[in-house]
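# Structural features, examined
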Amino acid sequence: MNNEIITGAEALMRALEDHGVKTIFGYPGGSIMPVYDQLYDHRDKLNHILVRHEQAATHAAEGYARVSGEVGVCLVTSGPGATNTITGIADAMIDSTPIIVIAGQVGSAFLGSDAFQEVDLVGITHPITKWSYQIRNAKDVAWAVARAFYIAKSGRPGPVVLDFAKNAQIEKTEYTPTIIDFIRSYVPIPNTDKQSIKEAAQLINNAKRPLVLVGQGIEIGNAQKELRTFVEKAQMPVGCTILGLSTLPTDHPLNMGMLGMHGNLAPNVKTNECDVLIAVGMRFDDRVTGNLGTYAKQAKVIHFDIDPSEIDKNVKTDVAVLGDCKETLAAVTNLLVENNHKEWVDSFNEFIKLEHDKVIYPELHPSDENLSMGEVVRAVSEATNHKAVLVTDVGQNQMMSARYFKYSADRSIITSGGLGTMGFGLPAAIGATFGAPERTVCAFMGDGGIQMNIQEFGTIMEQKAPVKIILLNNNFLGNVRQWQAMFFNHRYSFTPMMNPDYMKIASAYDIPSARVMKREELQDAIDKMLSCDGPFLLEACVIEEGNVMPMTPPGGSVDKMLLEC
C-alpha cells in the first residue's frame, strides 16, 4: 500500500501531531505562509497562539515547556521573524529548556543570493542550539521533526532550530510517521560508572557536615521524590539554585533556602564550612559560587550531572556521578546508611535567625509607609496557599519574588536564570497558562521588564490567558540602580524610569486592573485579582530605592554576604 502524497507543509502538520503537539506559539509571514495555510485545516488539533512579537513566541514556548515538562514549539517566518527568536533560543540553551523553533526560509534556489528576508539562521544559531538543520526537501520533513524532538528533550534538554525552505514546504512527498530514539554518535545519557556510585556513597556516609546543592536538573529529570529520599535518609541540609527552588517544598525541614548572590545567608555561609559538598543537576554558575578562589576549598565535592561537560568546568570534582539523576540518586541512596546530622543542621539556625532579624522581617514589615517588594510577594504567595506557579521577569522583581514566594509543588518557578532576559516574564507566563491550565500563574515583573514585551497584552486579550500580573513599580531599573548606589557612588545614570499609566494600557487591552499605593489596600486588591476569572494587572507602587539583600558583592566570597548597604 502506497503512502499518501502530500506537501512538505502538510507533512510538518502531521509530524507535529504525531509527536503529541497540541499548542504552537507563532507569527506568520511570507516564507512560512504555505505552512500557515495548512495549519488552517489543522486548527482542531493544533492550537496556534498568535503572539505579537517573535521573541515572545520563544519565551512562551519556554514557559510552556518548563511548567509542563514537554517540548515547546514556535513557528515564525524568515529574516527578521527568525532573528527575533535568537534571544529566546539563547535563553533556552543556557537554562536547558526544550523548545523547537521552526522558521520559514527562502527557496533553496535563492539561498546565498541575499534574497528578500533571507538570513543564515543555521549559521547564526549553531552555537546556541543543540541542533540546527535546514530542510531543503519535502521528503526530509518527518525525519527532521522526529530528530528535533528527540534531541530537544533527551539528555540535557535544549533548543533545536528547523530552517524550512519554502520550496520544501510546497513540494510533494510520501509521508511516513517517524519516531527517532537513537542517533549514532549522540549519547544523551552517559553510562554511569558503578565505582563512582560507591565512592559517592562512601564520602557521604563518612561526612560530618554534608551539604546538598540542588539545581533544575532535578525538575528536568523528574527526580523530586528521589531527591527527598536521598536527603532524608542521611538527614542532609539542602540549598537550591534559583531554578531549583521548587524541587523541595519551602517548608521542608532540610530546605535551607536559596543559593547565590541574593540567596539566603545560611546555605551560602555553610558552603564554606561543609566537609562534603554534593551538587545535583546544577552547573556551579558564577552567581552561585562567587569567588572560585575561596569557594568550598575545605570540602570534598561530589557532582551528579547528565552533561559530562559540566564536570570540572568551574569547580574541581572529587567524585563525578554521571547519568540520569533519577537513577543515580536512587543508586547512591541504596548504599547510604541512615544518619542524623542534627548538630550540623541546627548550626544553620544562627544564620537563618540573623537574616530574618536583619533582612526578612524589615522587608516584610517595613517602617516606611510605602510598600516593599517582599511584602507584596509574600502576600500573593500566601493568598494562593503557596500553590501557584511563580513566573518572574529579571531584576529586583526576580530576586525578591524568588526569595519571598513559597513553593509547595514541583515545577513552580519559571525565570530566566542564565541569560537574565528582561522581557521574559510576560510571554513566559502566557505559555505557562497553556502548559498548566489547572494552576494559578502569578507573574511578577518590574516597570522596566514589562515594557520590553508589553505588546503581549494583545495576546493575553485575544486568548483570555489568565495571567495574574503583579507589577512591582519603583520607577527605576531597580537592579542596575542598586549596583549604582552600592558601587558607583549613587550616580544614577539612566536608571530612573518615566512610566506610562499602566492601568490605562491594561484597560485598552480589556484587562482588569488595580493600583495599590497603601498597605491597607493590598489584601483586598490581591483577593480581587485572584477571584477574577481571567487575566488581571495588579500594580503595586513600591519603595523607589529599596535594595535586595543579603548580597554577595561581585567577585566576593559566598560566606561574606552583606546584610545591609
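Presented here is an overview of the structure given in this document. Numbering of residues starts from 1 in every chain and runs along the sequence as written. Selection of residues for local features in this predicted model requires a pLDDT of at least 70, selection of side-chain atom pairs for listing and counting requires 80 or more, and totals for whole chains, interfaces and linings are taken over all residues. Excluded from the side-chain calculations are hydrogens and water; all other atoms, namely the structure's heavy atoms, are used.

### What to know about the sheet that holds strand S5 (residues 99–105)
In this scheme, strands are said to pair when DSSP sees at least two bridges between them. In this text, helices come from DSSP runs of H or I with a minimum length of four residues, and strands from runs of E with a minimum of two, each type numbered from the N-terminal end. Spatially, 6 strands are ordered S3-S2-S4-S5-S7-S6 in an open sheet, and the strand pairing comes out parallel. Edge positions in the sheet fall to strand S3 (47–50) and strand S6 (131–135), since each has one partner strand and no second. The sheet shows a mean angle of 20 degrees between the axes of neighbouring strands, taken without regard to direction. Bridge count between strand S2 (residues 23–26) and strand S4 (residues 72–76): 2 bridges; the pairing is parallel. Of the residues in S4, the one forming a bridge with Gly26 is Leu75. Note on definitions: a residue-residue contact is assigned when non-hydrogen atoms from the two residues lie within 4.5 Å. Note on geometry: axes are lines fitted to C-alpha atoms, helical ones only across the stretch in contact, with angles between N-to-C directions running from 0 to 180 degrees. Lying over the sheet, helix H1 (residues 8–18) contacts S2, S4, S5 and strand S7 (160–165), oriented at roughly 155 degrees with respect to S7.

### As for helix H7 (residues 141–153)
Think of an α-helix as turning once every 3.6 residues; residues three or four places apart then point the same way. The length a helix should cover is 1.5 Å for every residue beyond the first. In this model H7 runs 18 Å from its N-terminal to its C-terminal C-alpha over 13 residues, within 8% of the 18 Å that 1.5 Å per residue would give. Note on classification: 1.4 Å probe, protein chains only; a residue is buried when its accessible area is under 20% of the maximum for its type, exposed when over 50%, partly exposed between these limits. Across the 13 residues of H7, 11 count as buried, placing the element largely inside the fold. When H7 is considered as a whole, its buried residues turn out to be Val141, Ala142, Ala144, Val145, Ala146, Arg147, Ala148, Phe149, Tyr150, Ile151 and Ala152. Along its buried surface, H7 packs onto H1, S4, S5, S6 and S7. Gly155, located one to two residues past H7, shows a positive phi value of around 60 degrees.

### Quick look at the pairing of S6
The buried fraction of S6 amounts to 4 of the 5 residues, a majority that puts the element mostly inside the structure. Bridging between S6 and S7 involves 5 bridges; their strand directions are parallel. Among the inter-strand pairings, Tyr133 is bridged to a residue of S7, identified as Leu162. The handedness rule is simple: strands pointing away from the viewer, and a clockwise path from the first strand over the helix to the second, make the crossover right-handed. With H7 bridging S6 and the parallel S7, this β-α-β connection has right-handed handedness.

### Some thoughts on the sheet that holds strand S18 (residues 467–473)
The strand order across the open sheet formed by 6 strands is S16-S15-S17-S18-S20-S19, and the pairing between neighbours is parallel. One side of each edge strand has no neighbouring strand; the edge strands of this open sheet are strand S16 (413–414) and strand S19 (513–516). With 4 bridges connecting them, S19 and strand S20 (residues 536–541) associate as parallel partners. Paired with Arg515 across the bridge in S20 is Glu539.

### Quick look at the layout of surface pockets
The computed volume of the second largest pocket comes to approximately 520 Å³. Here a cavity denotes grid points, spaced 1 Å and computed from the protein atoms alone, that fit a 1.4 Å probe unable to get out, and a pocket denotes an open set having protein on both sides within 12 Å along at least 5 of 7 lines; residues with an atom within 4 Å of a point are the lining. Taken together, 21 residues line the second largest pocket, and the ones lying closest to its centre are Thr250, Gly257, Asn264, Ile360 and Arg403. Those elements that place two or more of their residues in the lining of the second largest pocket are strand S11 (255–258), helix H16 (349–364) and helix H18 (396–404). Sorting elements by how many residues they give to the lining of the second largest pocket places H16 first, with 5 residues. Residue type decides the class: Asp, Glu, Lys and Arg count as charged, Ala, Val, Leu, Ile, Met, Phe, Trp, Tyr, Cys and Pro as nonpolar, and the leftover types, Gly among them, as polar. Broken down by class, the residue content of the lining of the second largest pocket amounts to 10 nonpolar, 6 polar and 5 charged. Grid points are joined across faces, edges and corners, and a volume is the space filled by probe spheres set on the points.

### Digging into empty space enclosed by the protein
Left-over empty space is what a probe sized like a water molecule reveals as it rolls over the atoms. Considering all chains together, one arrives at 1 cavity of 30 Å³ or more under this definition. One number sums up the size of the largest cavity: a volume of about 60 Å³. Taken together, Arg66, Gln216, Glu219, Leu243, Arg411 and Ile413 form the lining of the largest cavity.

### Considerations on unusual backbone geometry
Of the consecutive residues Met549 and Pro550, the connecting peptide bond is found in the cis state with omega at 0 degrees. Assignment of secondary structure puts Pro550 in the segment after S20. Backbone geometry at Asn385 places phi at a positive 55 degrees, although glycine is not the residue there. Of note, Asn385 is situated in the loop between helix H17 (373–383) and strand S15 (389–392). When its relative accessible area of 53% is taken as the criterion, Asn385 is described as exposed.

### Brief notes about the packing of aromatic side chains
We call Phe, Tyr and Trp rings a pair once their centres come within 6.5 Å, taking the six-membered ring for Trp, and we label the pair stacked below 30 degrees between planes, edge-to-face above 60, and tilted otherwise. Counted according to the given criterion, the structure contains 14 aromatic pairs. Ring centres 5.9 Å apart and planes at 50 degrees place the aromatic pair Phe405 and Tyr407 in the tilted group. Across this residue pair, the class does not change: Phe405 and Tyr407 are buried. Consider the rings of Phe457 and Tyr509, whose centres lie 5.8 Å apart with planes at 90 degrees: the pair is edge-to-face. With Phe457 in helix H20 (residues 457–463) and Tyr509 in the loop between helix H22 (502–508) and S19, this residue pair connects regions lying 52 residues apart in the sequence. With a relative accessible area of 0%, Phe457 lands in the buried category. An aromatic cluster of at least three residues, connected via ring pairs, comprises Phe25, Tyr64 and Phe434. Placement of a charge over a ring requires the Lys NZ or Arg CZ to be within 6 Å of the ring centre, with the centre-to-atom vector within 35 degrees of the ring normal. The ring centre of Phe348 lies 5.8 Å from the NZ or CZ of Lys270, which sits over that ring.

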